[in-house]
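Descriptive analysis of the structure
One-letter residues, chain by chain:
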Amino acid sequence: MAARKTTAVKKKATGTDLSAKEVRILVQSLSNCLSTCQVHAKKADAPCEDCDAARRLKKKLEKRLAA
């Protein structure tokens, strides 16, 4: 039986309707996630792709709340 090849499909983000409360919850969750990163617990200046992505998303959501 031949092995199947899988290709990663990069999907474009689509808009999602969230209430201001839901966005605040997401921002708080991202803040909590960033403050408990296990990579940074071991070494404060260690690179962490998840934290970088979380910071970008948090910033985007905070802009939405401010609007």
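The model shown is predicted, which means the values in this text are computed figures rather than measured ones.

**Focus: the overall build of the protein chain**
Looking only at helices and strands, the protein chain features three helices and zero strands. Reading the protein chain from its N terminus to its C terminus gives the helix and strand order α-α-α. Buried positions account for 15% of the 67 residues belonging to the protein chain. Sequence separation of at least 24 residues holds for 58% of the intrachain contacts in the protein chain that already meet a minimum separation of 6.

**Some points on the nonpolar core**
Formed by Val23, Val27, Leu30, Ala54 and Leu61, the largest nonpolar core amounts to five residues. Of the residues forming this core, the biggest block, three residues, is contributed by helix α1 (residues 20–35). Not counting the four nearest positions on each side in its chain, Leu61 is found in contact with Val23, Leu26, Val27 and Leu30.

**Focus: the pattern of salt bridges**
Under the criterion given, the structure shown has two salt bridges. Ionic pairing is found between Asp52 and Arg55, a salt bridge with its closest N-O pair at 3.1 Å. Separated by three residues within a single helix, Asp52 and Arg55 lie in helix α3 (residues 49–66), roughly one turn from each other. Assessed through its relative accessible area of 41%, Arg55 is described here as partly exposed. Close ionic contact of Lys58 with Glu62 constitutes a salt bridge, the shortest N to O distance being 3.2 Å. With Lys58 and Glu62 both in helix α3 and four residues apart, this pair spans about one turn of that helix. Using a relative accessible area of 34% as the deciding quantity, one classes Glu62 as partly exposed.

**Some thoughts on the packing of α1 against α3**
Relative orientation of the contacting elements α1 and α3 amounts to 150 degrees, with a least axis distance of 9 Å. With respect to each other, α1 and α3 are oriented roughly antiparallel. Classified by chirality, the crossing of α3 by α1 is left-handed. Residue-level inspection shows Ala20, Val23, Arg24, Leu26, Val27, Leu30, Ser31 and Leu34 of α1 in contact with α3, the latter providing Cys51, Ala54, Arg55, Leu57, Lys58, Leu61, Glu62, Arg64 and Leu65.

What counts, and at which threshold
Residues numbered from 1 in each chain as written. Predicted model: local features only at pLDDT ≥ 70, side-chain atom pairs only at ≥ 80, totals over all residues. Heavy atoms only, no water. Helix = DSSP H or I, 4+ residues; strand = E, 2+ residues; numbered from the N terminus. Buried < 20%, exposed > 50% of the residue type's maximum accessible area, 1.4 Å probe, protein only. Contact = heavy atoms within 4.5 Å. Core = buried A, V, L, I, M, F, W, Y, C linked by side-chain atoms within 4.5 Å. Salt bridge = Lys/Arg side-chain N within 4 Å of Asp/Glu carboxyl O. Axes fitted to C-alpha atoms, helices over the stretch in contact; angles between N-to-C directions. Parallel < 35°, antiparallel > 145°, perpendicular 65-115°, else oblique. Left-handed = near helix turned anticlockwise from the far one by under 90°.

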